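Observations on the three-dimensional arrangement
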Amino acid sequence: MTRTPQGAPPIVTLTDAAKHFGPVRALNGVSLSIAPGDCIGLVGHNGAGKSTLVNVINGGLAPSSGTVEFAPAGAQTALEAGIRSVFQELSLCPNLTVAENLRISHTGLRGFNWRKAARTEMAQALDTVFPGHGISTDAPVDTLSIAERQMVEIAIGFAPRGAQARLVILDEPTSSLDAGIARQLLDHIVRFCASGGAVVFISHMLGEIFDVATRIVVLKDGRVVEQRAAADFTRQGLVDAMGHVAPEQADAPAVRAHAHGAEVLRSPEGLNARAGEIVGLSGLAGHGQAEALARIYFGATSSWRTPRAAPMVFVAGDRTRDGVLPLWSILRNATISVLPQIARRGFVDRDREAGIMAEWKRRIGIRTDDVANPILSLSGGNQQKVLFARALAASAPIVVMDDPMRGVDVGTKQDVYAMIRDEAAGGRTFLWYSTETEEVCQCDRVFVFRDGAISAELTGADITEEKILEASFEMTEAGQ
Amino acid sequence: MIRLFTRYRILLPVVSLALLLGATFYMQPRAMSYFGLNLLFNLAVPIALATLAQMMIIMVNDIDLSLGAFVSLVACVTATWLNDAPLVGLLILLVLVLAYAAMGAVIHMLDLPAIVVTLGMSFVWGGIALFLLPSPGGVSPDWLRALMTIKPPFVPMAVAAAVLIAALTHLLIMRSGIGTVLRGVGGNARSVGRAGWPVVRLKALAYGLAGLFGVLAGMALVGLTTSADANIALRYTLLSVAGVILGGGEFTGGKISPVGAVIGALTLALAASFLSFLRLSPDWQVGAQGAILILVLTARLLFTRRDAQA
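About the thresholds
Residues numbered from 1 in each chain as written. Chains lettered and ligands numbered in written order. Predicted model: local features only at pLDDT ≥ 70, side-chain atom pairs only at ≥ 80, totals over all residues. Pairing = 2+ DSSP bridges. Helix = DSSP H or I, 4+ residues; strand = E, 2+ residues; numbered from the N terminus. Axes fitted to C-alpha atoms, helices over the stretch in contact; angles between N-to-C directions. Contact = placed C-beta atoms within 7 Å. Domains from an automatic or database assignment. Expected span 1.5 Å × (residues − 1). Buried ≥ 20, exposed ≤ 12 C-beta atoms within 10 Å, placed from the backbone. Nonpolar A, V, L, I, M, F, W, Y, C, P; charged D, E, K, R; others polar.

1. Observations regarding the sheet that holds strand β13 (residues 312-315) of chain A
Residue and element names in this part refer to chain A. Here 6 strands make up an open sheet; going across it, the order is β13-β14-β15-β12-β16-β17 and the pairing mixed. Lying at the two open borders of the sheet, with one neighbouring strand each, are β13 and β17 (453-459). Across the sheet, the mean angle separating the axes of adjacent strands is 20° when strand polarity is ignored. Relative to strand β15 (residues 429-433), strand β12 (residues 278-282) runs parallel, the two sharing 4 bridges. By the bridge assignment, Val279 is partnered in β15 with Leu431. Running at roughly 175° to β13, helix α14 (residues 380-393) makes contact with β13 and β14 (398-402) of the sheet.

2. Section: the domain arrangement of chain A
What the domain assignment lists for chain A is domain 1 (12-242), domain 2 (248-311 + 396-463) and domain 3 (329-395). Between domain 1 of chain A and domain 2 of chain A, the C-alpha centre-to-centre distance is 34 Å.

3. Observations regarding helix α12 (residues 199-225) of chain B
With 27 residues, α12 of chain B should reach 39 Å at 1.5 Å per residue; the first-to-last C-alpha distance of 39 Å fits that figure. With 22 of 27 residues buried, α12 of chain B is to be regarded as a mostly interior element.

4. Quick word on the environment of Gly214 of chain B
Examined against the element boundaries, Gly214 of chain B turns out to sit in helix α12. Residues Gly214 of chain B and Val106 of chain B lie 108 residues apart in sequence; the distance between their C-alpha atoms is 19 Å.

5. A short note on the pairing of strand β16 (residues 445-450) of chain A
Residues and elements named next belong to chain A. Relative to β16, β12 is paired through 4 bridges, and the arrangement is parallel. Paired with Leu281 across the strands is Phe447, a residue of β16. Strand direction decides the pairing type here: β16 and β17, joined by 6 bridges, are antiparallel. When the bridges of β17 are listed, Arg445 appears paired with Thr459. Connecting β16 to the antiparallel partner β17 that follows it, the hairpin turn spans 2 residues, and Asp451 within it adopts a positive phi of roughly 50°.

6. What to know about the interface of chain A and chain B
Contacts between the two partners involve 15 residues from chain A, matched on the other side by 17 residues from chain B. It is helix α2 (residues 98-105) of chain A that provides the largest number of residues to the side of chain A that touches chain B, a total of 4 residues. A per-class count over the side of chain A that touches chain B returns 8 nonpolar, 4 polar and 3 charged.

7. A look at unusual backbone geometry
Most of the time, phi is negative for any residue but glycine, and the peptide bond is trans. All names here are of chain B. For Asp111, which is not glycine, the phi torsion reads 55° and is therefore positive. Structurally, Asp111 can be placed in the loop between α7 (86-109) and α8 (114-132). Of note in this structure, Arg279 is not a glycine but carries a positive phi near 60°. The residue Arg279 is located in the loop between α14 (258-277) and α15 (282-309) in this model. Look at Arg279 and you get exposed, because 7 C-beta atoms sit within 10 Å.

8. Observations concerning the sheet that holds strand β4 (residues 65-70) of chain A
All names here are of chain A. One open sheet holds the 3 strands; their spatial order is β2-β1-β4, and the pairing between them is antiparallel. Among the strands making up the open sheet, the edge pair consists of β2 (24-34) and β4. In this sheet, adjacent strand axes meet at a mean angle of 20° when their direction is disregarded.

9. So, the environment of Leu79 of chain A
All names here are of chain A. With respect to the secondary-structure elements, Leu79 resides in the loop between β4 and β5 (83-86). You can call Leu79 buried: it has 20 C-beta atoms within 10 Å. Taking the C-alpha atoms as reference, Leu79 lies 53 Å from Arg428; in sequence the two are 349 residues apart.

Right, dumping it as structure tokens:
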């Protein structure tokens, strides 16, 4: 791979950049410089700070401390410096045509005949990256397949757009592309870097990273833990660098002692669970875990004739979106799941409601003086406890949890772990999606998801961060 | 066949209008004339302009519940100030357009629900209108009256105006660069913002355009009716929403069609005349108009569902 001389000034330089969201240190002092010709493979586990780093580089987030400098001198914004990002979540306007989408990001397209210019540039951009793509520049984006949309987005990222793309950040660009198209993209990245451009490449396919990257940066807990030429890494070494060195075993074995009952659940993709079992769903975020849970949950509960006692309950991780009823009191938030069971002739039995609340307040340790206070008066962790109380107070035998510990403090986590073990010992089944390995290690059995399918099933002593990482990342060669 | 309808969304509104027009001509062959067409579509011109105003708002994923009150207010201003002191009148209308733009900016900056803000503003517009013109009256400026009753050769004014308005808005919204970006705001505001566009200014522009078309609608209405009333156009709020949807637009996602919206407005105006030709009692007309609307929307839903299955 040709590299430009070492003397070329860097396109962007981060010096000790940090980004904090409240108490969460998403990025914890990263120094990184990207020069023309660099192709940087960025790897890390969930929450390692990859997306935050990308957003700091492209100017989407201002660092809490440290500096981000763009060259050439005088470029104030990342856009001016020729830095473009292609995001994992699709960021095209679906109601516009392919060529019109180029207009959104290319303000230089003006004048009476801008459409013709946009069509030409878009067609050229697509032809350069994906020869033989077969996408019409006049097609509305919502008529394209997901892969085609991703191709358009990548092509727009590399398109000249009146200047020159100098650094293109690709966040999981191949996740929805098939092998042949992905190969075209990787070839283009190599060509682009050889001609003096730079690329930051994020992927869960380690084969792809090794194919294109000249340098690999490993992020962990918001820090750069390793930064070396790609040739100096082995695959196993890379996985080891991403994970913790010594997983804590805690008191987990004791939990796994009890025997499980009969199988209570089996989904088409191969997920199954037995009574009294804690089943974990793991893997990189966004690889179909939440969707699998939603399918299972809605499949079991959303029908016209709801039984009085639902067969499953749900604990939301995204509290504001699918958990908390913000205008209601703590009491009402917690007991809404049991109302049908404690109703008398269709009316709420206030005394029983208060009794259930008092019991769960004690068992789960919700810190409040008065359960009639509004739910938003509680801290995030305590709100989450109320959601747990809501789910566990219902008698449903299966509890579905969608990353329920998001933004929950350590103390609360320990409380909740204990309670989950307790309930599982009592015969309840838990389906637990988590992005944190520590939580997954609490489970009896773990399914690792990759690209919307189960890539591994781990049990007992096999549940280690290392094994999960191995299954989360594609280890085979790209393009096979 | 189904493919064709989902591929070219404009077909369904066109076919609806053609069917309704055919039925009207069948019921009342005398309507098939220069004079008859003008009568049928006369009141469609202000409705078409109001529909386009509503379309500008729906284009950026909002909805405007104050449009009817706003058009009424403009009508009152036109029949009083614009007639008595044209310069002051123009100035007032300009301020009204700017007020709309400011409303858009505020809605975006404070992240307020447009449906609530516009509902509140409808009472403000209504109050000012009553203040200007406590009882029905006022006089249309002569030039406006002349403009709205002009008799071009071959095609009646109403049809010519509808075609002209549709063509101009199509150029502005569907063909021009800025129109494309405005539609992009409806499609994916975040990515538009990420590409470096000031979304708040774009929203203000969309609302400002809505204000402009609202002003034109009010003026056209006074040109036709020759006088005004503080409640003259209250039903335009819902008519305009119906027109946009009838014309192939959607409530979210920036999917709109100016030509479709004008056709939708014409269809709504024609539906009223058609029901009179059926000698339907006026008591039933509003309901029957709703039934036509439901019919067309059902057809559209069926087409998209079938296409999704295929």
